[in-house]
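Descriptive structure summary
Each chain, letter by letter, is given below.
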Amino acid sequence: MPTASPTRAAGSCLGTVHERLLAAAAAVYSRFGATGATTRRIAAEASVNEVTLFRHFGSKEALLAAAAQAVLQTVVQSPEHAAQPVLLPSVPENPHAELSRWCTHHIAQLQEVRGLLQHAFAEGAEGQALCNPHLAFLAMHDALQQYVRALREHDHVVREAQVPTAIAMLVSVLATDGMGRHRMERLLPAAAAAAEQYASTFLQLVLESPHEVEAELLLGEGWYSVPTPRTAQAFWW
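Residues numbered from 1 in each chain as written. Predicted model: local features only at pLDDT ≥ 70, side-chain atom pairs only at ≥ 80, totals over all residues. Heavy atoms only, no water.

The next point concerns the overall build of the protein chain. Within the protein chain, the secondary structure is distributed over 9 helices and 2 strands. Ordered by position in the sequence, the α and β elements of the protein chain form the string α-α-α-α-α-α-α-α-α-β-β. Burial statistics for the protein chain: of 237 residues in total, 38% are counted as buried. Across the protein chain, every contact between residues at least 6 apart in sequence was considered, and the portion connecting residues at least 24 apart equals 61%. For the protein chain, the accessible surface area stands at approximately 13800 Å², while carbon and sulfur atoms represent 56% of it. (Helix = DSSP H or I, 4+ residues; strand = E, 2+ residues; numbered from the N terminus. Buried < 20%, exposed > 50% of the residue type's maximum accessible area, 1.4 Å probe, protein only. Contact = heavy atoms within 4.5 Å. Areas by Shrake-Rupley, 256 points an atom, 1.4 Å probe, with all protein chains shown as cover.)

With that out of the way, let us pick up the packing of aromatic side chains. One pass over the full model with this rule turns up 1 aromatic pair. Cation over ring: Arg 41 sits above Phe 32, and NZ or CZ is 3.9 Å from the ring centre. (Phe/Tyr/Trp six-rings, centres within 6.5 Å; stacked < 30°, edge-to-face > 60°. Lys NZ or Arg CZ within 6 Å of the ring centre and 35° of its normal.)

Moving on, we get to helix α7 (residues 134-153). The terminal C-alpha atoms of α7, which comprises 20 residues, lie 29 Å apart, in line with the 28 Å expected from a rise of 1.5 Å per residue. Buried within α7 we find Ala 136, Phe 137, Met 140, Leu 144, Tyr 147, Val 148, Ala 150 and Leu 151. What you see down the axis of α7 is that its buried residues fit within an arc of 160°, all on one side. The exposed set on the far side of α7, more than 90 degrees from its buried face, consists of Gln 146 and Glu 153. Asp 155 sits one or two residues past α7 and shows a positive phi near 75°. (Expected span 1.5 Å × (residues − 1). Arc of directions from axis to C-beta.)

Now for the environment of Leu 116. Examined against the element boundaries, Leu 116 turns out to sit in helix α5 (residues 95-122). Considered as a pair, Leu 116 and Val 71 are 45 residues apart in the sequence and their alpha carbons are 8.6 Å apart.

Once that is clear, we can look at the packing of α5 against α7. Any two packed helices are characterised by how steeply their axes cross, that is the angle between the axes, and by the distance between the axes. Closest axis-to-axis distance for the α5/α7 pair is 10 Å, and the angle between their directions is 165°. It follows that α5 is roughly antiparallel to α7 by the angle criterion. With respect to the hand of their crossing, α5 and α7 are arranged in left-handed fashion. Of the residues in α7, those touching α5 at Pro 95, Glu 98, Leu 99, Trp 102, His 106, Leu 110, Leu 117 and Phe 121 are His 134, Phe 137, Met 140, Ala 143, Leu 144, Tyr 147 and Leu 151. (Axes fitted to C-alpha atoms, helices over the stretch in contact; angles between N-to-C directions. Parallel < 35°, antiparallel > 145°, perpendicular 65-115°, else oblique. Left-handed = near helix turned anticlockwise from the far one by under 90°.)

Before going further, it helps to examine the packing of helix α2 (residues 39-46) against helix α3 (residues 50-57). Look at α2 against α3: their axes get within 9 Å of each other, and the N-to-C directions meet at 100°. Viewed along their axes, α2 and α3 adopt a mutual orientation that is roughly perpendicular. In contact with Thr 39, Arg 40, Ile 42 and Ala 43 of α2, α3 contributes Glu 50, Leu 53 and Phe 54. Grouping the amino acids of the contact of α2 with α3 by side-chain chemistry returns 4 nonpolar, 1 polar and 2 charged. (Nonpolar A, V, L, I, M, F, W, Y, C, P; charged D, E, K, R; others polar.)

Our next topic: unusual backbone geometry. Even without being a glycine, Ser 47 presents a positive backbone phi close to 60°. Within the element layout of this structure, Ser 47 appears in the loop between α2 and α3. A positive phi angle is found at Asp 155, which is not glycine, with a value near 75°. Turning to its location among the elements, Asp 155 is positioned in the loop between α7 and α8 (163-180). A relative accessible area of 44% places Asp 155 in the partly exposed class.

Don't take any of this as a statement about function, it's just geometry.
This is how it looks when you write it as structure tokens:
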């Protein structure tokens, strides 16, 4: 029976321990912060000894930085195993469904990593040297900018002046929902409908509603609808 080469077997084993250490470091840091995330706690969480920890990463700081980076990637990128795409498409087909799905994904991801992000913010320069929590929100901001550009390029009428504010508001509310719902439930929409409501409000802010704006003109006693492309124009006669 053929046997695996020692190099490949060792690499597989190291990979497993490496991943356990990353997961353990993220979990311990999320609970205790940088100061409380001792190598003893991390090693115990990973079911290894401290010698193994130092052999893989050299120092606690290097391990925590690597773990934080791995965690942030779950927020910034779409996991390969996701059942449905969660990246905003370059060719929009159904903006409300696409944006709702994207919001749902990011709320869930932020809920999973909120402990790590909250400690990183609270610990100031020390926490941000290990983990720059702003990266996740900057990535969300950039994704929304690209999506608005795609909407514009595919014949949607964009309210340009509203775009910066709408993006800032959506990123902020996703951060609040994902990281703070457990403390401010009464201030937020019901969880089951929140993502769809955020998407609807964003699209109402940045898009003119349908491609043909229907101008309602009051003439004397009655109303007459005059469909016009892109921009409503008033006709008086």
